[in-house]
Amino acid sequence: MNRTKSSAAPELRLRIENSHAELVRSFVRESALADDLSVTNAALLANDSFQLWRALCAEASGRHQARIYVTGSAGVIQASFFVQGHDAFSKILASFAETAASGCQFSRREQGVDGWEIALSRQLGEAP
């Protein structure tokens, strides 16, 4: 998988709500499978994304939105979440880092004045 955000990576934009959790899981899984990622690795990243989404929903006020991209290169597949609401998600992101699934790499960085870029990634070929 050699796509990057700048070369037409699939993107999903939606409101952060529990009712969208399965949509997020399906989007990540299907985006990964579209680039010939193994079913196992696609499913693992999709489940990681589902767990992150549920954590975000616990703190979302109903007005927060997210953009999600799936990219990969150099043996790594990544789901990136861009969310607005720096204060709203600070606490949950700190705790999610401690509970991320085995084999899931988690990173976060401030994005703009009031947002986060959250990345979940897995090494291709690794399975817990």
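Conventions used here
- Numbers given to residues run from 1 along each chain, matching the order in which its sequence is written.
- For this predicted model, a pLDDT threshold of at least 70 governs which residues receive local features, and a threshold of 80 or more governs which side-chain atom pairs are given and counted, while totals over whole chains, interfaces and linings are taken from all residues.
- Side-chain metrics in this entry use all non-hydrogen atoms of the structure; hydrogen atoms and water are not considered.
- In this analysis an axis means a line fitted to C-alpha atoms, helices contributing only their contacting stretch, and an angle means the value between N-to-C directions, from 0 to 180 degrees.
- A run of DSSP states H or I qualifies as a helix once it reaches four residues; a run of E qualifies as a strand once it reaches two. Both are numbered from the N-terminal end.
- In this scheme, a crossing is called left-handed if the near helix is turned counterclockwise away from the far one by less than a right angle; it is called right-handed if the turn is clockwise.
- Contacts are residue-level and defined by heavy atoms, with any inter-residue pair within 4.5 Å sufficient.
- Note on residue classes: Ala, Val, Leu, Ile, Met, Phe, Trp, Tyr, Cys and Pro are nonpolar, Asp, Glu, Lys and Arg are charged, and everything else, Gly too, is polar.
- Here, a disulfide means two cysteine sulfur atoms that sit within 2.5 Å of each other.
- Only protein chains enter the accessibility calculation, which uses a 1.4 Å probe. A residue is then buried if its area is under 20% of the maximum for its type, exposed if over 50%, and partly exposed in between.
- A pair of strands counts as paired when DSSP detects no fewer than two bridges linking them.
- Per-residue confidence from the predictor is reported as pLDDT, a score between 0 and 100.
- Centres within 6.5 Å are what make two rings of Phe, Tyr or Trp a pair, Trp counting through its six-membered ring; a difference in plane orientation under 30 degrees is then read as stacked, over 60 as edge-to-face, and the rest as tilted.
- Working rule: Lys NZ or Arg CZ, within 6 Å of ring centre, within 35 degrees of ring normal, means a charge sits over the ring.

## Here's the deal with the packing of helix 2 (residues 39-59) against helix 3 (residues 86-99)
Next up, step 1: Two numbers describe how helix 2 lies on helix 3: the axes approach to 9 Å, and their chain directions differ by 140°. Of the two possible hands of crossing, helix 2 and helix 3 adopt the one that is right-handed. Contact residues: Asp48, Gln51, Leu52, Ala55, Leu56 and Glu59 in helix 2; Ala88, Phe89, Lys91, Ile92, Leu93 and Phe96 in helix 3.
Next up, step 2: Looking at side-chain class alone, the contact of helix 2 with helix 3 contains 8 nonpolar, 1 polar and 3 charged residues.

## Concerning the state of the cysteines
Next up, step 1: Scanning the entire structure with this criterion turns up 0 disulfides.
Next up, step 2: Looking at Cys57, it has no disulfide partner, and the nearest cysteine sulfur is the one in Cys104, 17 Å off.
Next up, step 3: The buried category is assigned to Cys104, whose relative accessible area is 9%.

## Topic: the pairing of strand 1 (residues 11-15)
Consecutive residues of a regular strand have side chains that alternate between opposite faces of the sheet.
Next up, step 1: Only one face of strand 1 is covered, namely the face carrying Leu12 and Leu14; the face carrying Glu11, Arg13 and Arg15 is uncovered.
Next up, step 2: As defined by bridge partners, strand 1 adjoins strand 2 (residues 65-73) across 5 bridges and the pair is classed as antiparallel. In the sheet register, Leu14 faces strand 2, and the bridge partner there is Ala66.

## Here we look at the confidence of the model for the protein
Next up, step 1: Averaged over the protein, the pLDDT score is 84; the fraction of residues at 70 or greater is 91%.
Next up, step 2: No element of the protein has a lower mean pLDDT than helix 3, at 78, and none a higher one than strand 1, at 95.

## Overview of the packing of aromatic side chains
Two aromatic rings, taken as a pair, are described by how far apart their centres are and by the angle between their planes.
Next up, step 1: Enumeration according to the criterion identifies 2 aromatic pairs in this entry.
Next up, step 2: Summarising the aromatic geometry, the rings of Tyr69 and Phe82 are spaced 5.6 Å apart at their centres and angled 85° between planes, so their arrangement reads as edge-to-face. Note that Tyr69 is positioned in strand 2 and Phe82 in strand 3 (residues 76-84), a separation of 13 residues in sequence.
Next up, step 3: Over the ring of Phe50 we find Arg25; its NZ or CZ atom is 3.8 Å from the centre of that ring.
Next up, step 4: The positively charged end of Arg67 is found above the aromatic ring belonging to Phe82, 4.7 Å away from the centroid.

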